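Listed below, chain by chain, are the residues.
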Amino acid sequence: MFPVRVFAVTAGGRQAAVPVDIEAIPALRRRITAVLIAGQILGGLGVATGIALATVLAKQVSGTESLSGLAPTATVTGTAVLSVPLAALMTARGRRPGLVLAYLIGASGACLVVVAASVGSFPLLLLGMAGFGAASSANLQARFAAADLAEPQRRARAISNVVWATTIGAVLGPNIAAPAGRSVSGLGIPEAAGPFLWAAGVFLLSALLVAVLLRPDPLLTARALAPAEEGAAEARSIRAGFAAVAASPRARLALVTVAVSHTAMVSIMSMTPVDLGHHGASIDLIGLVISAHIAGMYAFSPLMGRLCDRFGRLSGIALAGGLLACAALLAGTAGGSHGQTAAGLFVLGLGWSSGLVSGSALLTDSVPQAARAAAQGVSDLTMNTAAGVGGATAGLIVAEASYGWLNLVAACLLLPLGGLALFTHARHDRRSEGRQDAAGQKPTALGQGQRLGNRGNERRARRRA
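Residues numbered from 1 in each chain as written. Predicted model: local features only at pLDDT ≥ 70, side-chain atom pairs only at ≥ 80, totals over all residues. Heavy atoms only, no water.

## Focus on the pattern of salt bridges
No. 1: Tallied over the entire structure, the rule returns six salt bridges.
No. 2: The residue R95 makes a salt bridge to D148 at a minimum N-O spacing of 2.8 Å. Here the residue R95 occupies a position in helix α4 (residues 95-119), and D148 occupies one in helix α5 (residues 122-148), the gap between them amounting to 53 residues. For the pair shown, R95 and D148 are each scored as buried.
No. 3: The partner of R155 in a salt bridge is D365, with the nearest N and O atoms 2.8 Å apart. Here D365 lies in helix α14 (residues 338-366) and R155 lies in helix α6 (residues 155-183), a separation of 210 residues in the sequence.
No. 4: Look at R155 and you get buried, because its relative accessible area is 6%.
No. 5: The class for D365 is partly exposed, based on a relative accessible area of 34%.
No. 6: Bridged by salt links that share partners, the residues R155, R157, D309, R313 and D365 form one connected network. (Salt bridge = Lys/Arg side-chain N within 4 Å of Asp/Glu carboxyl O. Helix = DSSP H or I, 4+ residues; strand = E, 2+ residues; numbered from the N terminus. Buried < 20%, exposed > 50% of the residue type's maximum accessible area, 1.4 Å probe, protein only.)

So, in structure tokens, the structure goes:
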């Protein structure tokens, strides 16, 4: 087999050709996936360690519960705002530079959170949380990096395997939040800010891992393997990403799916520690509940990926809607039952996982290869912007009404998603039938003639025998 020459961008901005043999693609796919999995373990550990006590820290610094929801809101806002320039960088220069930069910004934001907590500045805290969100953007973009070289029929599994890798770090993160807080007690740093100091170090390790080992770049390699779909440079712009999503009903459904799933998850999850605190839960118990939630988010994602590949993306979207509705019912009616709250948060994680995997796979399936990185950036921008609004509103709803009302509002978000899914499915079926009718009228007679000819050949073969 002939080698494909992949152009990788060097540190100086110039491109260097790297030959990749077609026969080596399966081994390359496995190696790239292994690097992404290792990065996800570290990245998930850093994000989960910090975010576990984000609302608690925000309440301490601001002095009011109504503003506590702004901490996760700032995080998802930072993730949303940074997703566009990071997508533009990846579109132009590949996945590796974008992921490295995102982790470095995340480390800087985590350090700024520690400084803000030490001096008691709430605006500075929100700015640091926004920078911290860049690490979440890196973790989200890694799932698309796994899909770059995946076979189409296994794309959801490739995405889900990298999402699953976050389980290890994400489950450990909330449980080491308390030890991380105690480790800085002698440094004059508030205990709730300690996890962010640990997160900064973990993000630096993630950046180093990706910078050294994610070679050749999976996105640049995928483009080199599909030159016929490459298109002009204009086809890879962020504007082209918006246009590609707008032109495809299934891509629009994918966008709404990930946005609604992420918004419902962030809104409920961010205020659960506050509600548990109202009912006497300790920091250690809060960490366990959040760990169960994160296990639901990531541990079963390979199952979600296989279901999506086996039964279709729309089935995965329907499963996501059902799970998220059940989660809102469980958590919203839990009251002082910590066990029921934990069960609701676990199911919430499952619903998020199904929505993210099915929506991400459907989006990648529905747009041209040249515009995929840009469209994926648009997806992350939309989902995190929506989740940012949801997180900000969640604190106000809990302060003015209750945690139960928050879950009811989150459940109502599923209604437009269900309507759009049904409409898209019906429209897709009508188009499929139209194509079959248009292409099937004449071939029917030809097919009958072919079958008759085959029978005649079989009879002549039996007579000769």
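## Digging into the packing of aromatic side chains
The way to describe two aromatic rings as a pair is by their centre distance and the angle between their planes.
No. 1: Within the structure shown, the criterion is met by five aromatic pairs.
No. 2: With a centroid separation of 5.2 Å and an interplanar angle of 70°, the aromatic rings of F132 and F196 are classed as edge-to-face. Within this pair, whereas F132 is found in helix α5, its partner F196 is found in helix α7 (residues 194-213), the two being separated by 64 residues in sequence. Of the two residues, F132 and F196, both sit in the buried class.
No. 3: The structure contains a cluster of three or more aromatic residues connected by ring pairs, namely Y103, F132, F196 and F203.
No. 4: Its guanidinium or amino end placed over the ring of F311, R310 lies 5.1 Å from that ring's centre, counting from NZ or CZ. (Phe/Tyr/Trp six-rings, centres within 6.5 Å; stacked < 30°, edge-to-face > 60°. Lys NZ or Arg CZ within 6 Å of the ring centre and 35° of its normal.)

## Some thoughts on a nonpolar patch on the surface
No. 1: On the surface, F300, L303, L307, F311 and L319 cluster together into a nonpolar patch covering about 440 Å² of accessible area.
No. 2: It is helix α12 (residues 301-311) that contributes the most residues to the nonpolar patch, three residues altogether.
No. 3: Mapped onto the elements of the fold, L303 is located in helix α12.
No. 4: In this structure L303 comes out as partly exposed when scored by relative accessible area, which is 47%. (Patch = residues over 30% accessible without salt bridge, like charges linked within 9 Å, V, L, I, M, F, W, Y side chains within 5 Å. Areas by Shrake-Rupley, 256 points an atom, 1.4 Å probe, with all protein chains shown as cover.)

## Digging into the confidence of the model for the chain
No. 1: Averaged over all residues, the pLDDT of the chain is 82; the fraction at 70 or higher stands at 85%.
No. 2: Of the regions scoring below 50 in pLDDT, residues 7-17 engages in 21 contacts with residues more than four places distant in sequence or in other chains.
No. 3: Low pLDDT, under 50, characterises residues 435-465; the predicted model gives this stretch two contacts beyond four residues in sequence or across chains. (pLDDT = per-residue confidence, 0-100. Contact = heavy atoms within 4.5 Å.)

## Here we look at the packing of helix α15 (residues 372-400) against helix α16 (residues 403-412)
No. 1: Following both chains from N to C, one finds α15 and α16 inclined at 140°, their axes separated by 7 Å at the closest point. On the basis of the axis angle, α15 is oblique to α16. Of the two elements, α15 crosses α16, and the hand of that crossing is right-handed. The residues of α16 that touch α15, namely those facing A394, I397 and V398, are Y403, W405, L406 and V409.
No. 2: A class-by-class count of the residues in the contact of α15 with α16 yields seven nonpolar, no polar and no charged. (Axes fitted to C-alpha atoms, helices over the stretch in contact; angles between N-to-C directions. Parallel < 35°, antiparallel > 145°, perpendicular 65-115°, else oblique. Left-handed = near helix turned anticlockwise from the far one by under 90°. Nonpolar A, V, L, I, M, F, W, Y, C, P; charged D, E, K, R; others polar.)

## Quick look at α7
No. 1: Along its 20 residues, α7 runs 30 Å from first to last C-alpha, staying within 8% of the 28 Å computed at 1.5 Å per residue.
No. 2: Of the residues making up α7, those classed as buried are G194, P195, F196, A199, A200, V202, F203, S206, A207, L209 and V210.
No. 3: Looking at the buried side of α7, the elements it contacts are α1 (25-51), α2 (54-62), α4, α5 and α6. (Expected span 1.5 Å × (residues − 1).)

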